[in-house]
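Observations on the model geometry
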Amino acid sequence: QVQLVESGGGSVQAGGSLRLSCATSGRTFSRNPMAWFRQGPGKDREFVAAISWSSSTTEYVDSVRDRFTISRDSAKNALYLQMNSLKPEDTAVYYCAADSAQRAFPSRAWRNYEYWGQGTQVTVSS
């Protein structure tokens, strides 16, 4: 059974940092793109960042480009999101996801991702 589990969420004041982790089991995603999405209260699901299997290509939504860093450890089959200079508008449930295909270029479209974690809450206060 495929399972993705996020951890590292919590409450932090504006300007603070959090590091999210995504552990996977059930299959190997070493050659599949992986991504982070988020959904704030009353908002649609939003793309945050994605990374290719080789870590050579990354994609970010403009609002987090200079503050967040996505990375992966293929040997551990794990995904990470380092979040710095957090803002109240970053408050959301954050989800990790794995592409269903061994796609060379990481997609921003959530429908390309078949496997999802349960989400972890990030709350940023002012």
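Throughout what follows, the structure given in this document is the object of discussion.

Rules used throughout
- Residues numbered from 1 in each chain as written.
- Predicted model: local features only at pLDDT ≥ 70, side-chain atom pairs only at ≥ 80, totals over all residues.
- Heavy atoms only, no water.
- Disulfide = S-S within 2.5 Å.
- Helix = DSSP H or I, 4+ residues; strand = E, 2+ residues; numbered from the N terminus.
- Buried < 20%, exposed > 50% of the residue type's maximum accessible area, 1.4 Å probe, protein only.
- Contact = heavy atoms within 4.5 Å.
- Polar contact = N/O pair within 3.5 Å; in protein donor to acceptor, adjacent residues only side chain to side chain.
- Pairing = 2+ DSSP bridges.
- Phe/Tyr/Trp six-rings, centres within 6.5 Å; stacked < 30°, edge-to-face > 60°.
- Lys NZ or Arg CZ within 6 Å of the ring centre and 35° of its normal.

Counted by the stated rule, this structure contains one disulfide. Bridging cysteine 22 to cysteine 96, the disulfide has an S-S length of 2.1 Å. Disulfide cysteine 22-cysteine 96: torsion about the S-S bond near 50°, hence right-handed. With cysteine 22 in strand β3 (residues 18-25) and cysteine 96 in strand β9 (residues 92-99), this residue pair connects regions lying 74 residues apart in the sequence. The exposure class assigned to cysteine 22 is buried, which follows from its relative accessible area of 1%.

Moving on: the side chain of threonine 91. As for its position among the elements, threonine 91 is in the loop between β8 (78-83) and β9. The residues contacting threonine 91, other than those within four sequence positions of it, are Gly40, Pro41, Gln121, Val122, Thr123 and Val124.

Turning next to the side chain of serine 52. Position of serine 52 relative to the elements: it lies in the loop between β5 (46-51) and β6 (58-60). Residue classification places serine 52 among the buried residues on the basis of a relative accessible area of 1%. Side-chain polar atoms of serine 52 contact the backbone nitrogen of serine 56, separated by 3.3 Å. Setting aside its immediate chain neighbours within four residues, serine 52 contacts Pro33, Thr57, Arg72, Ala104 and Pro106.

Working note: regular strand, side chains alternate between the two faces of the sheet. Across the six residues of strand β4 (residues 34-39), five count as buried, placing the element largely inside the fold. Two elements, β4 and β5, share five bridges in a ladder whose sense is antiparallel. Across the sheet, the residue bridging to tryptophan 36 is alanine 49, located in β5. Linking β4 back to β5 in an antiparallel pair, the connection comprises six residues, with glycine 42 at a positive phi of about 70°.

Following the criterion strictly, the structure yields four aromatic pairs and no others. Geometrically, the ring pair formed by phenylalanine 37 and tyrosine 113 is edge-to-face, given 5.5 Å between the ring centres and 70° between the ring planes. Here tyrosine 113 lies in strand β10 (residues 113-116) and phenylalanine 37 lies in strand β4, a separation of 76 residues in the sequence. Considered together, phenylalanine 37 and tyrosine 113 belong to a single accessibility category, that of buried residues. Between phenylalanine 37 and tryptophan 116, the aromatic rings sit 5.1 Å apart at their centres with planes inclined by 50°, giving tilted as the arrangement. Residue phenylalanine 37 is located in strand β4, and its partner tryptophan 116 is located in strand β10; the two are separated by 79 residues in the primary sequence. Taking relative accessible area as the criterion, tryptophan 116 reaches 26% and is therefore assigned partly exposed. Taken together through their ring pairs, the aromatic side chains of Phe37, Phe47, Tyr113 and Trp116 make up a single cluster. One cation-aromatic arrangement involves arginine 31 over tryptophan 53; the distance from NZ or CZ to the ring centre is 4.1 Å.

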